[in-house]
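Residue-level structural notes
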Amino acid sequence: MSTQNISPQSSQQKYLHLHALTLFTLSLILTILIIPASRSHSYLSLCINLSRLSQLIALSEIYQAYARLIKSSIPIQIAQNLGRCFVIFCAVSQADAFSHFRHIAVWMLLFAWGLGDVIRYAFYVFKGSKVAEMLRFNGFIVLYPLGMISEVLCVINAWWYHERMAFWMKLFMVIVTVAYPTLYMYMLKQRAKRNKRMKPEAR
Amino acid sequence: NNNMVSVNIIDRRGNFLAQNLNVVKSRGSSYTLDDLRNALYSVKKMDKNRMFFYSMKGGKRSKGLRPGDITINEGDEFEFKKLGIQIGYRTVFYIEYFVPMVAFPIIYLLRNYIYPGYQSQPLTTVQWIHFWIHTLHFVKRELESMFVHKFSNGTMPLMNVFKNSSYYWGYAFLCGYFVLAPYYSSPSLRSTVFFAILFLICMFCNGYCHYILANLRKPGDKNKYIPRGFAFEYVTCPNYSFEILAWILYFFQTRSFMVLAFALTGAGQMFVWAKGKHINLKKLFNGENGKEKYPRNRKILIPFVV
């Protein structure tokens, strides 16, 4: 997991704080709008656009990893950011809002991403908050599998309906077969490390 | 006599095979594994390529001796092991690359039998490009085996032929089966040509790396040197890097997941070899006793990454 120091002492840290705050705000709006979007095509279309905007802004995290502003490896950052961009730009289309099955898959995706990003960026914006930390290290247990399943459903849907995209969707499925479990296990290990560190303090 | 030492050779059970065996230094600087083999050959006539020795430490078997310079002191003991039937590296390369070179032509000629139920359809332009790229790659490998590669280890176990050949032959036919099929869904000609050009560039770069490695030392010199120049400044095994990249490009060219399986299997094996070579070179060129220090920033396979 990447870490950011949010006490805005240098211009780099101010930039990181602003980045986290922007994405926290966008994710929060997305999470609020996703509730009526379960029954409304126009709201879901709006949420798709909001999510696309968030993912475009999040691409700057690749630069942050390159410039060592955050403790994240460049290949992992590229894989995460480009993977999400691939799903939201290539696998999800506005037309999905108007089909019942696809509507559910996209709704689940945006819900998992939205809530996951709210928790993630809240951890950076409100560093020191016990609630934010607790959510950060526990929320993924449910949200990550939910996000994985929805991404797979959206990709399979794109595979069936868009002949030209079939090859890229299949390639995505091959990659995530390895990537998803590996990342999930890595996050569980990070959580276990953090819990072990917290135990003496709790006593 | 500075050019001769007396050693003992024992077998696995601890029985002496040769006592007070004189090992003569064939060239000025230090003893080599060939010196030890020649010494044992003088008392036991057997295939020198099947002679394997372990050094002894505290009366127990220690490291296996590799080709090149070795340390031999007066009175040292070595445990002898007779290796299984050996086959030359070059012969193995000829065998394992020959069938993939002709696999696609064979499948093309037998298409009516391999894909029953399909009327004879000519290959599309895109399929011809896949055909020639694959075939040319293995022609290049055969030519390199004949004229470029030099091997520090002369032989390998005979069983390796079957293992290596099944890998290359199996994948060649599997890839050919899907790529030359009448029902193959071709990508666009533009993207095929784009990836084919990149593949050829990688093939050329891989060949150039082999050329650099082949000319790293003079004939008969078994010492190791740090490869320099071209992509060797960034990674230890750029020949493997270009090979892996080429096959990934071929995957994007053909869009066949069988090619991806071939690429990933090869990449896994090459990573293991590259990592071993990287570790060995770093240990050997540690900067001590006047030796060069292996460049610190040089990675294993991917520049600046891994």
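Residues numbered from 1 in each chain as written. Chains lettered and ligands numbered in written order. Predicted model: local features only at pLDDT ≥ 70, side-chain atom pairs only at ≥ 80, totals over all residues. Heavy atoms only, no water.

The next subject is the interface of chain A and chain B. Contacts between the two partners involve six residues from chain A, matched on the other side by six residues from chain B. Across the chain A/chain B interface, buried area totals approximately 590 Å², and carbon plus sulfur atoms make up 87% of it. Summed over the three residues of chain A that lose the most area to chain B, namely A:Phe167, A:Trp168 and A:Leu171, the buried surface amounts to 67% of that side. Summed over the shared surface of chain A and chain B, the result is zero salt bridges. (Contact = heavy atoms within 4.5 Å. Buried area = accessible area lost by both parts, 1.4 Å probe. Salt bridge = Lys/Arg side-chain N within 4 Å of Asp/Glu carboxyl O.)

So, on to the confidence of the model for chain B. Per-residue pLDDT for chain B averages 90, and the proportion of residues at 70 or more is 98%. Here the prediction assigns the complex a pTM of 0.81, and the interface score ipTM is 0.74. (pLDDT = per-residue confidence, 0-100.)

This part takes up the pattern of salt bridges. In this structure the tally under the stated criterion is eight salt bridges over all chains. When the shortest N-O distance is used, the salt bridge between A:Arg120 and A:Glu61 registers 3.1 Å. Of the two residues, A:Arg120 is situated in helix H5 (residues 100-125) and A:Glu61 in helix H3 (residues 60-66); the sequence distance between them amounts to 59 residues. One exposure class covers both A:Arg120 and A:Glu61, and it is buried. A salt bridge links B:Glu243 to B:Arg141, with the nearest nitrogen and oxygen atoms 2.4 Å apart. Placement of the pair is B:Glu243 in helix H7 (residues 238-254) and B:Arg141 in helix H4 (residues 125-147), with a sequence separation of 102 residues. On the accessibility criterion, B:Glu243 (7% relative accessible area) is buried. (Helix = DSSP H or I, 4+ residues; strand = E, 2+ residues; numbered from the N terminus. Buried < 20%, exposed > 50% of the residue type's maximum accessible area, 1.4 Å probe, protein only.)

Let's shift gears to the environment of B:Lys293. Tracing the backbone shows B:Lys293 in the segment after helix H8 (257-284). With residues up to four places along the chain from it excluded, the contact list for B:Lys293 reads B:Ile226, B:Phe285, B:Asn286 and B:Gly287.

Another point: a positive patch on the surface. Taken together, the side chains of B:Lys282, B:Lys293, B:Arg296 and B:Lys299 define a basic patch exposed on the protein surface. Residue classification places B:Arg296 among the exposed residues on the basis of a relative accessible area of 74%. (Patch = residues over 30% accessible without salt bridge, like charges linked within 9 Å, V, L, I, M, F, W, Y side chains within 5 Å. Areas by Shrake-Rupley, 256 points an atom, 1.4 Å probe, with all protein chains shown as cover. Lys, Arg positive; Asp, Glu negative; His and termini not counted. Charge placed at Lys NZ, Arg CZ, Asp CG, Glu CD.)

Turning to unusual backbone geometry, a few remarks are in order. A positive phi angle, near 55 degrees, is found at A:Arg68, a position not held by glycine. Structurally, the position occupied by A:Arg68 is in the loop between H3 and helix H4 (74-91).

All names here are of chain B. Between H4 and helix H5 (residues 159-179), the least distance of the axes is 10 Å, while the angle of their chain directions is 165 degrees. The angle between H4 and H5 falls in the class roughly antiparallel. For the pair H4 and H5, the sense of crossing is left-handed. From H4, Gln127, His130, His134, Phe138 and Arg141 reach across to H5, where they touch Tyr168, Ala172 and Val179. (Axes fitted to C-alpha atoms, helices over the stretch in contact; angles between N-to-C directions. Parallel < 35°, antiparallel > 145°, perpendicular 65-115°, else oblique. Left-handed = near helix turned anticlockwise from the far one by under 90°.)

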